[in-house]
Amino acid sequence: ISFLNLLKTEKFPYEKIISYHYFPSNRWDIRIKNDILIKLPNQNLLNTLKIVPKIISNNNFDTKIVDLRIANQLIITDE
């Protein structure tokens, strides 16, 4: 519930979420429309959630996975 409240607080486009998955390492994966998987970090989640809408609104790339687990890095793959 706190994760969903955090998404709402950060104005994450909640209506785009298809599913989400929690891992025991205290991190989340979110699958959004267009079948894009966003891998969130277990630390600095608040800061990461602030940039995710900017990333997913960018239509200049065709990707399947957006990996944000490593600090200060954006990994984009199509696998």
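Residues numbered from 1 in each chain as written. Predicted model: local features only at pLDDT ≥ 70, side-chain atom pairs only at ≥ 80, totals over all residues. Heavy atoms only, no water.

(A) A look at the packing of helix α1 (residues 2-9) against helix α2 (residues 45-57). Running from amino to carboxyl end, α1 crosses α2 at an angle of 45°, the nearest separation of the two axes being 10 Å. Considered as vectors, α1 and α2 are oriented oblique to each other. The crossing of α1 and α2 is right-handed. Facing α1, whose interface residues are Phe3, Leu6 and Leu7, α2 presents Leu45, Leu46 and Leu49. (Axes fitted to C-alpha atoms, helices over the stretch in contact; angles between N-to-C directions. Helix = DSSP H or I, 4+ residues; strand = E, 2+ residues; numbered from the N terminus. Parallel < 35°, antiparallel > 145°, perpendicular 65-115°, else oblique. Left-handed = near helix turned anticlockwise from the far one by under 90°. Contact = heavy atoms within 4.5 Å.)

(B) Summary view of the pairing of strand β3 (residues 36-39). The alternating pattern of β3 places Ile36 and Ile38 on one face and Leu37 and Lys39 on the opposite face, and all of these are buried. Across 4 bridges, the pairing between strand β2 (residues 27-32) and β3 is antiparallel. Its bridge partner lying in β3, Ile30 is registered against Ile38. Linkage of β2 to β3, two consecutive antiparallel strands, is achieved through a turn of 3 residues, within which Asn34 is found at a positive phi near 70°. Note that β3 and strand β4 (residues 65-67) share 3 bridges and pair parallel. Paired with Leu37 across the two strands is Ile65, which belongs to β4. (Buried < 20%, exposed > 50% of the residue type's maximum accessible area, 1.4 Å probe, protein only. Pairing = 2+ DSSP bridges.)

(C) The packing of aromatic side chains, seen in detail. Tallied over the full model, the rule gives 4 aromatic pairs. A connected cluster of aromatic rings, assembled from ring pairs, spans Phe3, Tyr20, Tyr22 and Trp28. Here the guanidinium or amino end of Lys8 rests over the ring plane of Tyr14, the centre of that ring lying 5.8 Å away. (Phe/Tyr/Trp six-rings, centres within 6.5 Å; stacked < 30°, edge-to-face > 60°. Lys NZ or Arg CZ within 6 Å of the ring centre and 35° of its normal.)

(D) A look at the environment of Ser57. For Ser57, the position within the fold is in helix α2. According to the relative accessible area criterion, Ser57 is partly exposed, its value standing at 47%. Along the primary structure Ser57 and Pro13 are separated by 44 residues, whereas in three dimensions their C-alpha atoms are 9.9 Å apart.

(E) Summary view of the environment of Arg69. Along the polypeptide, Arg69 turns up in the loop between β4 and β5 (75-77). With 37 residues separating them in the primary sequence, Arg69 and Ile32 have C-alpha atoms 17 Å apart. Residue contacts for Arg69: discarding those within four places in its chain leaves Arg27, Lys39, Leu40 and Pro41. Looking at Arg69, its side chain comes within polar contact range of the side chain of Asp67, at 2.6 Å. (Polar contact = N/O pair within 3.5 Å; in protein donor to acceptor, adjacent residues only side chain to side chain.)

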